[in-house]
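One-letter residues, chain by chain:
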Amino acid sequence: MDAIKKGIMACFLWGFASMALAEEGATLLSDKQEDEIINLVYSQLRASIEQLETNIDRCEILARKNVLKPKLFQSLPLTEQEKRIALSYLSYVAQSECEDTRLWANIPLELAQLKDMEKYYKGKNIIKTEQYLDIICCMISRRYFESKWKYLKIAPEVRKKLERMPELQEPFDVIQTTKIMGLL
């Protein structure tokens with residue numbers, strides 16, 4: 001336990017020293033260099049957004065091509081409501097994995113970094129970003145956790161079986177699947 005405490009303390013001190021050195025070095029930057037740093041952060045954010053948009057398009061195409069068969073849930077003791085919940089949640093999980101959950105997590109972080117860098121160097125935000133970026137983190141999180149909360153009410157042994165079904169691991173067209181299964 002002592003080693004863990006020492007490790008944490010060393011990381012904290014290293015971070016503090018790094019911040020102190022960064023503060024000292026940052027005051028020596030010209031306006032042009034500050035702009036270049038801000039543009040670097042913005043370029044990274046834009047690249048992440050473009051990659052996510054590409055992934056979303058690719059995954060939507062995969063999902064549209066994949067409609068699950070009605071017999072998929074025949075061996076499982078699920079109510080119609082539980083089937084809808086499972087399809088909704090597992091579709092969301094498969095889609096998110098396909099799109100790359102790291103990008104969904106990184107974009108709000110990169111946006112916060114951009115805003116922080118702008119305020120630090122320029123005293124205000126100067127680059128106009130898309131308004132949806134400000135709500136992307138919480139909008140997605142809320143939908144995910146509401147869906148997961150409902151899904152976790154399904155019996156654990158049934159969830160394990162659902163999560164082992166390969167058909168539910170890939171993006172699928174949840175609307176067409178629910179229609180074909182008579183769940184809409």
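Residues numbered from 1 in each chain as written. Predicted model: local features only at pLDDT ≥ 70, side-chain atom pairs only at ≥ 80, totals over all residues. Heavy atoms only, no water.

Participant: Where do I start with a negative patch on the surface in this structure?
Facilitator: Together, Glu50, Glu53, Asp57 and Glu60 make up a region of like negative charge exposed at the surface. Within the secondary structure layout, Glu60 lies in helix α2 (residues 31-65). According to the relative accessible area criterion, Glu60 is partly exposed, its value standing at 37%. (Patch = residues over 30% accessible without salt bridge, like charges linked within 9 Å, V, L, I, M, F, W, Y side chains within 5 Å. Areas by Shrake-Rupley, 256 points an atom, 1.4 Å probe, with all protein chains shown as cover. Salt bridge = Lys/Arg side-chain N within 4 Å of Asp/Glu carboxyl O. Lys, Arg positive; Asp, Glu negative; His and termini not counted. Charge placed at Lys NZ, Arg CZ, Asp CG, Glu CD. Helix = DSSP H or I, 4+ residues; strand = E, 2+ residues; numbered from the N terminus. Buried < 20%, exposed > 50% of the residue type's maximum accessible area, 1.4 Å probe, protein only.)

Participant: Please clarify how the state of the cysteines should be interpreted in this entry.
Facilitator: Here is the idea: a disulfide is a covalent bond, and it sits between the sulfur atoms of two cysteines. On inspection of all chains with the given rule, the structure shows one disulfide. The residue that forms a disulfide with Cys59 is Cys98, at a sulfur-sulfur distance of 2.0 Å. Since a negative S-S torsion denotes a left-handed disulfide, the Cys59-Cys98 link at about -95 degrees is left-handed. Residue Cys59 is located in helix α2, and its partner Cys98 is located in helix α3 (residues 80-99); the two are separated by 39 residues in the primary sequence. (Disulfide = S-S within 2.5 Å.)

Participant: Even after reading the chapter, I still don't get the nonpolar core, so can you show me in this structure?
Facilitator: Among soluble globular proteins, nonpolar side chains are generally buried collectively. Phe73, Leu87, Tyr151, Leu162 and Leu168 are the most contacted members of the largest nonpolar core, which has 19 residues in total. Breaking this core down by element, the ones donating at least two residues are α3 and α6 (156-164). Per element, the largest residue contribution to this core is five residues, and it comes from α3. If you look at the next biggest cluster of nonpolar residues, it comprises 14 residues, including Ile49, Trp104, Ile107 and Leu114. (Core = buried A, V, L, I, M, F, W, Y, C linked by side-chain atoms within 4.5 Å.)

Participant: Mind showing me how you'd approach the confidence of the model for the protein chain here?
Facilitator: Should pLDDT be low for a region, the predicted coordinates there are not to be read in detail. With 80% of its residues at a pLDDT of 70 or more, the protein chain shows a mean pLDDT of 85. Mean pLDDT in the protein chain bottoms out at helix α1 (residues 2-26), which sits at 52, and peaks at α6, which reaches 97. In this model, residues 9-13 is a region of pLDDT below 50 whose contacts with residues beyond four sequence positions or in other chains number zero contacts. (pLDDT = per-residue confidence, 0-100. Contact = heavy atoms within 4.5 Å.)

Participant: Would you mind going over the side chain of Arg159 with me for this structure?
Facilitator: Mapped onto the fold, Arg159 is located in helix α6. No salt bridge is formed by the buried Arg159, whose closest oppositely charged neighbour, Glu163, lies at an N-O distance of 4.6 Å. Those residues in contact with Arg159, other than ones at most four positions away along the chain, are Tyr151, Leu152 and Ile154.

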